[in-house]
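Next come the chains, spelled out residue by residue.
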Amino acid sequence: MADNSNLNRAHAAKDDEWYTCAADADGIVSRYAADLRGRRVLCPCDSERSAFYISLRVRYKELGLGALIATHRAPGGISYGIYYDGARETRRALDWDGDILGPRFAAFCAANGIDLILTNPPFSIEGRFIEELDGIGMDYVLMAPYLIGIKKAVFNIIRDRRAYMERLPCQRFLRPDGSVAALGNVDIIATIGTQRARALPAEGASVATLRRIDGPDDIVNIDSISDLPRGYAGRVCAPGRILEYDLSEYDIIGIIHHPTIGGVRKFTRIIIQRRI
């Protein structure tokens, strides 16, 4: 499995040119096939050559889609939309630059009756994009770095159960030069369907063997999800990966940025607590 190195470098450089492989797009479309019937789907950040658009177009009637549009942003050129209704495909210039952030994008969605966004958006702006989609009540299925869940606005959406995250099987992407590169720790964040959550450990570690974070709050720390003490009713701070797991028996309490344990600084943690 790929590690975080490419993902970290991509984020630092705002390198957003990571394109979905055809087989992986097909897998995600199949994953949500039962939830796509009647949907008017927009694939922004895409074109007629993009894997998601092609997969949806080929299976348009099978999936029972209501409409399919892809929009392609061409800075300095003419941004355009591709419209498919199950019989005809037409191409039209957009009346704005195709930017997925801001009121023009929301207006385009409203004017075309869009009710679902399905895409692999630029990672560098994805947190803002999710926040804006949530603000207009838009459903979505997006590919995202798993650490998107610790961004405050996105965390709040997940905490309130308005979206969920799950592990993405594919971790390889096409690059602009035609090569294929690994990009570890990419998830799906979605508002439709039901989370295929990873199972929590049956027992986990004994609380007596776990350390508390420094400070006045009594919060147990785990460095591995496998250490989650299942019978413990107190607060636990866990790695961000915990959001991929079945938390139906837990409340998602908050985020704690860089807690220390014995004076050693840790990465950002998610605080959860088992319901009694």
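On a predicted model such as this, the values are computed, not experimentally measured, just so you know. (Residues numbered from 1 in each chain as written. Predicted model: local features only at pLDDT ≥ 70, side-chain atom pairs only at ≥ 80, totals over all residues. Heavy atoms only, no water.)

1. Some points on the sheet that holds strand β3 (residues 67-72)
- Pairing is mixed in the open sheet, where eight strands are placed in the order β5-β4-β3-β2-β6-β7-β11-β8. At either end of the open sheet lies a strand with only one pairing partner, and these are β5 (89-93) and β8 (164-167). In this sheet, adjacent strand axes meet at a mean angle of 25 degrees when their direction is disregarded. (Pairing = 2+ DSSP bridges. Helix = DSSP H or I, 4+ residues; strand = E, 2+ residues; numbered from the N terminus. Axes fitted to C-alpha atoms, helices over the stretch in contact; angles between N-to-C directions.)

2. Topic: helix α7 (residues 152-159)
- By the burial criterion, the buried members of α7 are V154, F155, I157 and I158. Taken around the axis of α7, the buried residues stretch over an arc of 160 degrees, which confines them to a single face.
- The inward-facing, buried residues of α7 contact α6 (126-135), β7 (139-145), β8, β11 (186-190), β14 (250-256) and β17 (269-274). (Buried < 20%, exposed > 50% of the residue type's maximum accessible area, 1.4 Å probe, protein only. Arc of directions from axis to C-beta. Contact = heavy atoms within 4.5 Å.)

3. Some thoughts on the sheet that holds strand β13 (residues 235-239)
- Pairing is mixed across the open sheet formed by four strands, whose spatial order is β12-β13-β17-β14. The sheet is open, and its two borders are formed by β12 (219-221) and β14, each paired with just one other strand. If you compare each strand with its neighbour and ignore which way they point, the axes differ by 30 degrees on average.
- In the packing of α7 onto the sheet, the strands contacted are β14 and β17, and the crossing angle to β14 comes to about 170 degrees.

4. Notes on the nonpolar core
- Counting 46 residues, the largest nonpolar core has F105, I117, Y140, I189 and I242 as the members making the most contacts within it.
- Only α5 (103-111), α6, β7, α7, β13, β14 and β17 provide two or more residues apiece to this core.
- The biggest single contributor to this core is α7, with four residues.
- Look past the residues within four positions of I117 in its chain and what remains in contact with it is L42, P44, F105, C109, F129, L133, M138, D139, Y140, V141 and L142. (Core = buried A, V, L, I, M, F, W, Y, C linked by side-chain atoms within 4.5 Å.)

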